[in-house]
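# What the coordinates show
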Protein chains: 2
Amino acid sequence: MNKSTHSPDLTLLSRYIPRTPSIGSTTVTHEDHVHLSFGFAAPSLFPLVELEHASGAAIRSHGQEALQYAGAPGPAYIVNWIKERAHRNGIDATPNHILVTYGATQGLALAAQLLLEPGDEVWTEAPTFFSALQAFRLSGAHIRSFPLEADGLNVELLEQALQQARTAGRPMPKLLYTMPTYHNPGGVTLSVAKRHRLVELAREYHFYVLEDDAYGELNFTGELWPTLYSLAPERTIYLNTFSKIIAPGLRLGWMIAHPQLIDRLRILMLGGSTGVFTQEIVATLLQHIDIDRHLEQLRTHYREQRDVMAAAIDRHFGDAVYYVLPAGGFFLWLNFREAIDTTSLQQRALDYGVSIVDGRSFYPERDVHHQLRLCFSYCSAEQIEQGIARLAAAYRDDRAAELGEVALTALEYHNGA
Amino acid sequence: MNKSTHSPDLTLLSRYIPRTPSIGSTTVTHEDHVHLSFGFAAPSLFPLVELEHASGAAIRSHGQEALQYAGAPGPAYIVNWIKERAHRNGIDATPNHILVTYGATQGLALAAQLLLEPGDEVWTEAPTFFSALQAFRLSGAHIRSFPLEADGLNVELLEQALQQARTAGRPMPKLLYTMPTYHNPGGVTLSVAKRHRLVELAREYHFYVLEDDAYGELNFTGELWPTLYSLAPERTIYLNTFSKIIAPGLRLGWMIAHPQLIDRLRILMLGGSTGVFTQEIVATLLQHIDIDRHLEQLRTHYREQRDVMAAAIDRHFGDAVYYVLPAGGFFLWLNFREAIDTTSLQQRALDYGVSIVDGRSFYPERDVHHQLRLCFSYCSAEQIEQGIARLAAAYRDDRAAELGEVALTALEYHNGA
Ligand SMILES: Cc1ncc(COP(=O)(O)O)c(C=O)c1O
Ligand SMILES: Cc1ncc(COP(=O)(O)O)c(C=O)c1O
């Protein structure tokens, strides 16, 4: 009897585990595919030489300590670096306000665990970041979402919903998740007036804002946006990450929140500090690179990539689509004027050698959506040109097929099928 | 108005967050203290030179990929290494059975999340690993525990409890957490007969066994123990870690379970792979060190340290204590014959310059316990000698003070105070 072929007992699993991973399928692609689906940083801009130097130096100077649980001076250096960087962005934090995490992804999971019990309300934008949706589903919370506009979350609808819920005595949200600056996937940014209104609502209706600022430093215009945290520190849990400004493979991010919340978030980490060896290396790296120069390079590069993508879209799609030109970040959110099913387009696009992410991956209810996400950060300018051309061909084909199918269906109908 | 002094709204927090971190206090110690509390690996045995070489080589050969989300060849190499190592230890696994985690600590958190909803039953040993208790508390589950004996978990009591719960129609456990081999803190090992009985019970009463094998490779006697996973793969979720065999600062561990469970555990990780940059480095390291020789060095070293500690205890404490000599791992669990309060002894020991962990940190209900945990892995032989001598002095002092207090109380009583 081969015991390992026994099936496991799935009846014992928690009810709150989503059945499907988020956008797993788009990672299965071929050599010559153009990956407009990958929300990845540009590998050519990773500071590899500096990182190699930093690794050697960190191991030589702090190896023994850096390899223990608590680590060497690195973790404290990083907290201090975060504190000073946050200060430049208008955030007043002490080391007690800061928790280093395994990327902003862990920040999402921890914020959900900190607040949400099964049945609680968590409110989000729609579209929103898929990993956040997964984190909220896992907590067993009920997700309700509010549309994005060209200037970010529709705060008016949010306010109406809050009023109605209060009046009707329905459960109020504990948490509102938002990406105010350079939205993933929306590419939009919340206006300053709406930022003020949003934190007023958080105060008035007693919920926390989970502010995901993963792309905040990747600003193409020089315009500065006040973080929600700076407007209402006692009502905001702030997330950020080294993934977009250094490299995602490091898996380092951070949370900023009131020390009383940070204390509890630390308890959620079960006493384990986040990758102290990696922190030591990154601390050494941060001591040796000119971060402002590095960020300027990233901004210039990503802005150019965005422009290449926008021009290609205009050329290949013309009036069939519309979008808000992103003022920062990695993503362009493409809206089709016709109500097409982008999940079917995503499949066809793969046949044409280009990967994209369909709209439905970003909505809590997985309906059909006539939108898709394009990422301009990872591919080269030539690949972006080629990818958009392929996508346009796939789109024409998809439309033809759909019209063909409709025609066929109509024909079958007439034949009495 | 200084907004950052506003208190956060604690009424919104999940009810399941433990109020206190586990044994946080023992990390606050002085320069010249002897840390018999730290469950840390011996830093002198970290393969630092090899690690420095591996870091440089990994960044040079795979830097760009290793720094993206999915990583380079490293993660697959590590999964394969785990597969082959597990095979030698009697575990039949394919890559689909394996998930690399941020240490066994994340394995505990994920197993809890996979199965437990608020109100569910999770059963443990007592004493048990404190971070596991925290993970279970966080899930809102009800924890029930069963005593350890010299040959591990009291399986008979477990069986009675299962029978009674079934007969009475009370909730059955979804999960039993156990450290069968070289227990933390108990230092004991589950007998082969009990291993067989335990997995039979898991099959009969339909629960999962969470087998924590963190110390399995650190075997001082050459005796081999069958893992519970090898006896009932469909009923076991197996945890292990590089923390004890390479270094904890890497924060890398792994889970082995049925692929249907691993798929769901991956979903719990929200699509993020565990530190791929670190994995690339560790993969390169594993290709270049002779792991069997390295493990032999660790075993020899830790066995010697254990012997030093046991001899010092016998010399300083004599008949006042008893313990089971650990046949592997990091820990010696010291039982006092008198019913002393080791929490008070822990405090006094700090005054004498030695840190230990009191018994109560390892029990689900935080009662007084006349036991404490000593770790022989981290300190040098000289420090161990000195630490035990200091602990004995603190103990004598504590006893004197307690008797003094009793005398005083008696005196006060007679004086009608
Ligand atoms: C909005 C947003 N938040 C969080 C993350 C996760 O980032 P990290 O790599 O730090 O986990 C991403 C990455 O794609 C993101 O787009
Ligand atoms: C029994 C046991 N399990 C798990 C762990 C956690 O190990 P890791 O460093 O892999 O998270 C430890 C570490 O002390 C342990 O003793």
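- The name given to chain A in an unreviewed UniProt entry is PLP-dependent aminotransferase family protein, and the organism recorded there is Paenibacillus wenxiniae.
- The record in UniProt for chain A states the following under Cofactor (unreviewed entry): "pyridoxal 5'-phosphate".

### Observations concerning the interface of chain B and chain A
- Contact with chain B, which involves 81 residues of that partner, is made by 81 residues of chain A.
- Regarding the contact of chain B and chain A, the summed buried area is about 7,200 Å², with carbon and sulfur atoms giving 65% of it.
- Linking chain B with chain A are 6 salt bridges, by the criterion used here.
- For Arg15 of chain A, the salt bridge goes to Glu117 of chain B, with nearest N and O atoms at 2.3 Å.
- Where chain B packs against chain A, one counts 23 residue pairs in polar contact (both at pLDDT 80 or more).

### A look at the site of ligand 2
- What surrounds ligand 2 is a group of 14 residues, the closest being Tyr69 of chain A together with Thr105, Asp212, Thr241 and Ser243 of chain B.
- Each of chains A and B places residues near ligand 2.
- Here Ala104 of chain B contributes a backbone N or O atom positioned 2.6 Å from an oxygen atom of ligand 2.
- A distance of 2.8 Å is found between an oxygen atom of ligand 2 and a side-chain nitrogen or oxygen belonging to Arg251 of chain B.
- For ligand 2, whose accessible area on its own is 390 Å², the fraction buried by protein is 96%.
- Among the residues making up the shell around ligand 2, the classes are represented as 6 nonpolar, 5 polar and 3 charged.

### Re the pattern of salt bridges
- Scanning the model with the defined rule gives 38 salt bridges over all chains in all.
- Glu217 of chain A is the partner of Arg299 of chain A in a salt bridge, and the nearest nitrogen-oxygen pair spans 3.4 Å. On the criterion of sequence distance, the pair formed by Arg299 of chain A in helix α10 (residues 291-317) and Glu217 of chain A in the loop between β7 (208-212) and α7 (228-231) is long-range, its members being 82 residues apart. Residue Arg299 of chain A shares its accessibility class with Glu217 of chain A, and that shared class is buried.
- Between Arg315 of chain B and Glu385 of chain B there is a salt bridge; the shortest N-O distance is 2.6 Å. One end of the pair, Arg315 of chain B, is in helix α10 (residues 291-317); the other, Glu385 of chain B, is in helix α12 (residues 381-414), and 70 residues separate them in sequence.
- Residues participating in the shared-partner salt-bridge network are Arg85, Arg88, Glu217, Asp292, Glu296 and Arg299 of chain A.

### Quick notes on unusual backbone geometry
- Cis geometry is found at the peptide bond from Asn184 of chain A to Pro185 of chain A, where omega equals 10 degrees.
- Take Pro185 of chain A: it is sitting in the loop between β6 (173-178) and α6 (192-205).
- Omega for the peptide link from Ala126 of chain B to Pro127 of chain B comes to 5 degrees, which places this bond in the cis form.
- In this fold, Pro127 of chain B is placed in the loop between β3 (121-126) and α4 (130-138).
- Phi is positive for Tyr182 of chain A, which is not a glycine, with a value near 60 degrees.
- For Tyr182 of chain A, the position within the fold is in the loop between β6 and α6.
- In the Ramachandran plot, Arg251 of chain B falls in the positive-phi region, its phi being about 55 degrees despite a non-glycine side chain.

### A word on the packing of helix α3 (residues 103-115) of chain A against helix α8 (residues 259-268) of chain A
Residue and element names in this part refer to chain A.
- The N-to-C vectors of α3 and α8 enclose an angle of 105 degrees; their axes lie 10 Å apart at closest approach. With respect to their mutual orientation, α3 and α8 come out roughly perpendicular. Where α3 abuts α8, its residues Leu110, Ala111, Gln113 and Leu114 lie against Leu261, Arg264, Leu265 and Leu268.
- Looking at the contact of α3 with α8, its residues break down into 6 nonpolar, 1 polar and 1 charged.

### A word on the sheet that holds strand β6 (residues 173-178) of chain B
All names here are of chain B.
- The 8 strands are arranged β2-β9-β8-β7-β6-β3-β4-β5 in an open sheet whose pairing can be described as mixed. Of all the strands in the sheet, the pair left with one neighbour each is β2 (98-101) and β5 (152-153).
- Sheet topology places strand β4 (residues 142-149) next to β5; 2 bridges connect them, and they run antiparallel. From the neighbouring strand, Leu148 faces β5, where its bridge partner is Leu153.

### Some words on the packing of aromatic side chains
Residues and elements named next belong to chain B.
- Under the criterion given, the structure shown has 43 aromatic pairs over all chains.
- Between Trp123 and Phe146 the ring centres are 5.1 Å apart and the planes differ by 45 degrees, which places this aromatic pair in the tilted class. You can see Trp123 sitting in strand β3 and its partner Phe146 sitting in strand β4, a full 23 residues away along the chain.
- We classify Trp123 as buried; its relative accessible area is 1%.
- On the basis of relative accessibility, which here comes to 4%, the residue Phe146 falls in the buried class.

### Structural notes on the site of ligand 1
- Close to ligand 1 lie 14 residues, the nearest being Thr105, Tyr215, Thr241 and Ser243 of chain A together with Tyr69 of chain B.
- Residue Ala104 of chain A places a main-chain N or O atom 2.6 Å away from an oxygen atom belonging to ligand 1.
- Isolated, ligand 1 exposes 390 Å² of accessible area, and the fraction of that covered by the protein chains is 96%.
- Considering every element that reaches the shell around ligand 1, the biggest residue donor is α3 of chain A, with 3 residues.

### Observations concerning the sheet that holds strand β11 (residues 331-336) of chain A
Residue and element names in this part refer to chain A.
- Read across the open sheet, the 4 strands follow the order β10-β11-β14-β13; overall the sheet is antiparallel. Sheet topology places β10 (321-322) and β13 (357-358) at the edges, where each strand pairs with a single neighbour.
- In this structure, β10 lies alongside β11, joined through 2 bridges in antiparallel fashion. Among the inter-strand pairings, Val321 is bridged to a residue of β11, identified as Phe336.

What counts and how
- Residues numbered from 1 in each chain as written.
- Chains lettered and ligands numbered in written order.
- Predicted model: local features only at pLDDT ≥ 70, side-chain atom pairs only at ≥ 80, totals over all residues.
- Heavy atoms only, no water.
- UniProt positions renumbered as here; feature names shortened; annotations may be inferred.
- Contact = heavy atoms within 4.5 Å.
- Buried area = accessible area lost by both parts, 1.4 Å probe.
- Salt bridge = Lys/Arg side-chain N within 4 Å of Asp/Glu carboxyl O.
- Polar contact = N/O pair within 3.5 Å; in protein donor to acceptor, adjacent residues only side chain to side chain.
- Near = heavy atom within 4 Å.
- Areas by Shrake-Rupley, 256 points an atom, 1.4 Å probe, with all protein chains shown as cover.
- Nonpolar A, V, L, I, M, F, W, Y, C, P; charged D, E, K, R; others polar.
- Helix = DSSP H or I, 4+ residues; strand = E, 2+ residues; numbered from the N terminus.
- Buried < 20%, exposed > 50% of the residue type's maximum accessible area, 1.4 Å probe, protein only.
- Axes fitted to C-alpha atoms, helices over the stretch in contact; angles between N-to-C directions.
- Parallel < 35°, antiparallel > 145°, perpendicular 65-115°, else oblique.
- Pairing = 2+ DSSP bridges.
- Phe/Tyr/Trp six-rings, centres within 6.5 Å; stacked < 30°, edge-to-face > 60°.

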